[in-house]
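Residue-level listing of the chains:
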Amino acid sequence: MDQIARAFIQHYYQTFDSNRANLASLYQPQSMLSWEGKPFQGTQAIANQLTSLPFQTVVHAITTFDVQPSPGNGLLVFVCGDLKVDNEHPMKFSQIFNLVPTETGSYFVFNDIFRLNIG
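The present account deals with the structure reproduced in this document.

Cut-offs used in this document
Residues numbered from 1 in each chain as written. Predicted model: local features only at pLDDT ≥ 70, side-chain atom pairs only at ≥ 80, totals over all residues. Heavy atoms only, no water. Helix = DSSP H or I, 4+ residues; strand = E, 2+ residues; numbered from the N terminus. Rg over C-alpha atoms; globule rule 2.2 N^0.38 Å. Buried < 20%, exposed > 50% of the residue type's maximum accessible area, 1.4 Å probe, protein only. Contact = heavy atoms within 4.5 Å. Areas by Shrake-Rupley, 256 points an atom, 1.4 Å probe, with all protein chains shown as cover. Lys, Arg positive; Asp, Glu negative; His and termini not counted. Charge placed at Lys NZ, Arg CZ, Asp CG, Glu CD. 1 Å grid on protein atoms, 1.4 Å probe; cavity = no way out; pocket = protein on both sides within 12 Å on 5 of 7 lines; lining within 4 Å. Points joined across faces, edges and corners; volume = space filled by probe spheres on them. Pairing = 2+ DSSP bridges. Phe/Tyr/Trp six-rings, centres within 6.5 Å; stacked < 30°, edge-to-face > 60°.

Points about the overall build of the chain
- Within the chain, the secondary structure is distributed over 2 helices and 6 strands.
- Relative to the 2.2 N^0.38 estimate, which gives 14 Å for 119 residues, the radius of gyration of the chain is 14 Å and therefore close to what a compact globule would have.
- By its C-alpha atoms, the chain is 40 × 30 × 25 Å across when sized along the principal axes.
- Burial statistics for the chain: of 119 residues in total, 38% are counted as buried.
- In the chain, 44% of the contacts between residues at least 6 apart in sequence involve partners at least 24 apart.
- Of the roughly 7000 Å² of accessible surface on the chain, 54% is carried by carbon and sulfur atoms.
- Here the chain contributes 6 positively and 9 negatively charged side chains, and the mean placements of these two sets differ by 5 Å.

A look at the layout of surface pockets
- By volume, the largest pocket is sized at about 190 Å³.
- Lining the largest pocket are 13 residues, and of these Phe55, Leu83, Val85, Met91 and Leu116 sit closest to its centre.

Overview of the pairing of strand 6 (residues 107-116)
- The pairing of strand 1 (residues 27-35) with strand 6 spans 5 bridges and is parallel. The residue bridging Met32 from the neighbouring strand is Asn111, located in strand 6.
- With 9 bridges connecting them, strand 5 (residues 91-101) and strand 6 associate as antiparallel partners. Its bridge partner lying in strand 6, Gln95 is registered against Phe114.

Some points on the packing of aromatic side chains
- Taken as a whole, this structure holds 11 aromatic pairs when the rule is applied.
- Considering the side-chain rings of Tyr12 and Phe97, the 4.8 Å spacing of their centres and the 65 degrees angle between planes classify their relative orientation as edge-to-face. One end of the pair, Tyr12, is in helix 1 (residues 2-18); the other, Phe97, is in strand 5, with 85 residues separating them in the sequence. Just as Tyr12 is buried, Phe97 falls in that class too.
- Residues Phe93 and Phe114 carry aromatic rings whose centres are separated by 5.9 Å and whose planes lie at 20 degrees to one another, so their mutual orientation is stacked. Taken together, the positions of Phe93 in strand 5 and Phe114 in strand 6 put the pair 21 residues apart, joining distant regions of the chain.
- By relative accessible area, which is 1% here, Phe93 ends up buried.
- By relative accessible area, which is 3% here, Phe114 ends up buried.
- Grouped by ring-pair contacts, the aromatic residues Phe8, Tyr12, Tyr13, Phe16, Trp35, Phe93, Phe97 and Phe114 constitute a single cluster.

What follows is the structure, given as structure tokens:
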């Protein structure tokens, strides 16, 4: 479980930091993203949200993560860390992923909840 979660986290945030458009392949039509409380459903809506974020550069630094099994051989992954956008001061964030296995043996993001930890 930890190895799968660790590999997913590394892939997700490296892709987010280098080319957010490539994250679309991790989602499917039934996937749901909540970004700072705003819901987006489906691959295209999620990709549009992630690629339209108002910054040029971003760097994530993962502090901790936890993983638990979820029904259907899925994984619930909780990530905490810092993100730095456009060389400004780092901000704390938390993100939860519900990873669901595919027929080919990989995983896709069924649920994704992102929040900045402000205040």
